[in-house]
Amino acid sequence: MAKIKTKYICQNCGYETPKWMGKCPDCNEWNTFVEELVEKEQKNSVMPKVSAGKAKKLEDIQFDEKKRNKTGIEELDRVLGGGIVKGSLILIGGDPGIGKSTILLQVAECMAIQGQKVLYISGEESEEQIKLRAERLGVKSDNLYLVAETNLAYIRGIIDAEKPNLLIADSVQTLFNPDIVSAPGSVSQVREVTNFFMKYAKSQGIATFVIGHVTKQGSIAGPKVLEHMVDTVLYFEGDKDNIYRVVRAVKNRFGSTNEIGIFEMTYRGLIAVENPSEMLLAGRPIGESGTIVVSAIEGSRPVMVEVQALVSPTSFGNPKRLTTGVDYNRVSLLMAVLEKRIGLQAQAFDAYVNITGGIQMKEPALDLGIVVALVSSYKDKAVDGKIVVAGEVGLAGEIRTITNLEKRISEAEKLGFDKIYIPKSRFELPKNTSIEIVEVSQIGELITKIFGR
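These lines cover the structure that appears in this document, whether it is placed above or below.

Thresholds, definitions, all that
- Residues numbered from 1 in each chain as written.
- Predicted model: local features only at pLDDT ≥ 70, side-chain atom pairs only at ≥ 80, totals over all residues.
- Heavy atoms only, no water.
- 1 Å grid on protein atoms, 1.4 Å probe; cavity = no way out; pocket = protein on both sides within 12 Å on 5 of 7 lines; lining within 4 Å.
- Points joined across faces, edges and corners; volume = space filled by probe spheres on them.
- Nonpolar A, V, L, I, M, F, W, Y, C, P; charged D, E, K, R; others polar.
- Pairing = 2+ DSSP bridges.
- Helix = DSSP H or I, 4+ residues; strand = E, 2+ residues; numbered from the N terminus.
- Axes fitted to C-alpha atoms, helices over the stretch in contact; angles between N-to-C directions.
- Core = buried A, V, L, I, M, F, W, Y, C linked by side-chain atoms within 4.5 Å.
- Buried < 20%, exposed > 50% of the residue type's maximum accessible area, 1.4 Å probe, protein only.
- Contact = heavy atoms within 4.5 Å.
- Parallel < 35°, antiparallel > 145°, perpendicular 65-115°, else oblique.
- Left-handed = near helix turned anticlockwise from the far one by under 90°.
- Expected span 1.5 Å × (residues − 1).

## What to know about empty space enclosed by the protein
Then, number 1: In the structure shown here, the tally under the stated rule is two cavities of 30 Å³ or more.
Then, number 2: Roughly 50 Å³ of internal volume is contained in the largest cavity.
Then, number 3: As for the largest cavity, its lining consists of Arg284, Pro285, Gly287, Glu288, Thr291, Ile292, Val293, Val383, Asp384, Gly385 and Ile387.
Then, number 4: Along the lines of polarity and charge, the residues of the lining of the largest cavity split into five nonpolar, three polar and three charged.
Then, number 5: Counted as a void, the second largest cavity has a volume near 40 Å³.
Then, number 6: Leu80, Gly83, Ile84, Val85, Ser88, Ile90, Thr232, Asn252 and Phe254 together form the lining of the second largest cavity.
Then, number 7: Residues that form the lining of the second largest cavity fall into these classes: five nonpolar, four polar and no charged.

And the structure:
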């Protein structure tokens, strides 16, 4: 009989140690080690010499891009790279109540309408609860099957009997393998459950969605190896109290990782937002200081976002620097550039920077918007509501070139803006446009043109 030994495994990162530790040396989290029983492998095991397959030439392997199955939700198809690939394993994460189960139930209906057989496995809700949500969303199809089960031994039999084309597991932390002596949701169980679905997806050609809980840091719960095992990792962003949601791909073996999908949460489910720029600019204050519109690029699509800044005298010795939707360190760096290059004395002022709409942005072109918004609030001078900016700022105060200038200019023109400030470009810019294009090379030059001396 195989010997049983004990290990302590960090439930945050998967680090293993033979003894309990208060703080994980790998991820630096406290009180995350849980004791788990692990079956010791037999040392005299011999690898089989029988080949499981035959190597193929690269040129002989056929892949039809048209075989992607459309989900029926255009924004989700965009993030997935054009649709669902047969045999792919997709992990979806996000905060509780943000819409993960809702969007997958909508996907299940769209696929079922196309004649695909869909199996929805729930480890958190009963079949009656899913039925109630389905009625609220208007989901009705004869090809959609529901089962409330957590034991992989039974789930395996259900999958073999139903032979679905699409499989949805909600969620990976609630399912367990009875052969593993640890609680559901532990690192060992999560790894084993994901490995089970990965093997089924690849061997049977079943496209599979699995939902994963997130930690308080906002990452998928469980070891990082979880994200390496799957083909695609999607994250839901946004505040659950806000009506807008953003789906972002952080890993995609079948498409770009730069695309985002924007949805509006309604009583009837998640509805794709066809024009994100209009949504993000809705309710924008006109004639107020500390606000500017930036022409940004997310993936292949231009998006107009509003950058807001508030600069006010500090009540303490050390001024505050708070950000929402943009990198904190980037804002601190840009404030240092403003102090050094144009003499902005912000040492005695608190600074708050916000990207409206609950969206997270890492685009370099936001630099110019942050700079203009900070100066606008500092001087308490409003920027003309018909002005747009886009550009990266260097440490020397120079405004560096950015990509996709034509798309940015076209989007600004389409939304009715009169003037756009961009870096000086060595490429030929559009001439037959109704929007005035102003090229600038230094932030001092930009500030002078917008605010005067």
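## Description of the sheet that holds strand S14 (residues 301-313)
Then, number 1: The mixed open sheet is built from seven strands, whose spatial order is S15-S16-S14-S13-S17-S20-S21. One side of each edge strand has no neighbouring strand; the edge strands of this open sheet are strand S15 (321-324) and strand S21 (436-440). Each strand axis lies, on average, 25° off the axis of its neighbour in the sheet, ignoring direction.
Then, number 2: Relative to strand S20 (residues 419-423), strand S17 (residues 387-389) runs parallel, the two sharing three bridges.

## Quick notes on the nonpolar core
Then, number 1: Membership of the largest hydrophobic core comes to 48 residues, with the highest contact counts inside it found for Val305, Val307 and Leu374.
Then, number 2: Per-element tally for this core: the top contributor is helix H9 (residues 366-379), with eight residues.
Then, number 3: If we ignore the near neighbours within four places in the chain, the residues touching Val305 are Leu280, Leu281, Ile292, Val293, Val294, Ala296, Ile355, Met361 and Leu366.
Then, number 4: Formed by 33 residues, the second largest nonpolar core is a distinct cluster that contains Ile92, Ile98, Ile103 and Ile130.

## Section: the sheet that holds strand S11 (residues 260-266)
Then, number 1: Pairing is mixed in the open sheet, where nine strands are placed in the order S6-S5-S7-S8-S4-S9-S10-S11-S12. Of all the strands in the sheet, the pair left with one neighbour each is strand S6 (144-148) and strand S12 (269-272). Taken pair by pair, the neighbouring strands of this sheet meet at an average axis angle of 25°, ignoring direction.
Then, number 2: In terms of strand pairing, strand S7 (residues 166-170) meets strand S8 (residues 207-212) through five bridges, oriented parallel. When the bridges of S8 are listed, Asp170 appears paired with Ile211.
Then, number 3: On the sheet, helix H4 (residues 152-162) packs against strand S5 (118-122), S6 and S7 and is oriented at approximately 165° with respect to S5.

## Some words on the packing of helix H8 (residues 328-341) against H9
Then, number 1: Where H8 meets H9, the closest approach of the two axes is 10 Å, and the angle between their N-to-C directions is 60°. Looking at the two axes, H8 sits oblique to H9. Note that H8 runs across H9; the crossing there is right-handed. Across from Arg330, Val331, Leu334, Met335 and Leu338 in H8, the residues of H9 making contact are Asp367, Ile370, Val371, Leu374 and Val375.
Then, number 2: The residue inventory of the contact of H8 with H9, partitioned by class, reads eight nonpolar, no polar and two charged.

## Notes on the pairing of strand S9 (residues 232-237)
Side-chain positions along a regular strand alternate between the two faces of the sheet.
Then, number 1: Within S9, six of the six residues are buried, which leaves the element mostly enclosed by the surrounding structure.
Then, number 2: On S9, burial covers both faces: Thr232, Leu234 and Phe236 on one face and Val233, Tyr235 and Glu237 on the other are all buried.
Then, number 3: The sheet contact formed by strand S4 (residues 89-93) and S9 spans four bridges and is parallel. Bridge pairing links Ile90 to Thr232 in S9.
Then, number 4: Both S9 and strand S10 (residues 244-252) contribute to a ladder of six bridges, which runs antiparallel. Its bridge partner being in S10, Thr232 is matched across the sheet by Asn252.
Then, number 5: Counting the residues in the hairpin turn of S9 and S10 gives six residues, including Gly238, whose phi is positive at 115°.

## So, helix H2 (residues 100-113)
Then, number 1: In this model, H2 (14 residues) spans 20 Å end to end at C-alpha, consistent with the 20 Å of a helix rising 1.5 Å per residue.
Then, number 2: The buried fraction of H2 is high, at 13 of 14 residues.
Then, number 3: At the exit of H2 stands Gly115, carrying a positive phi of roughly 95°.

Worth remembering: the numbers are spatial, not functional.
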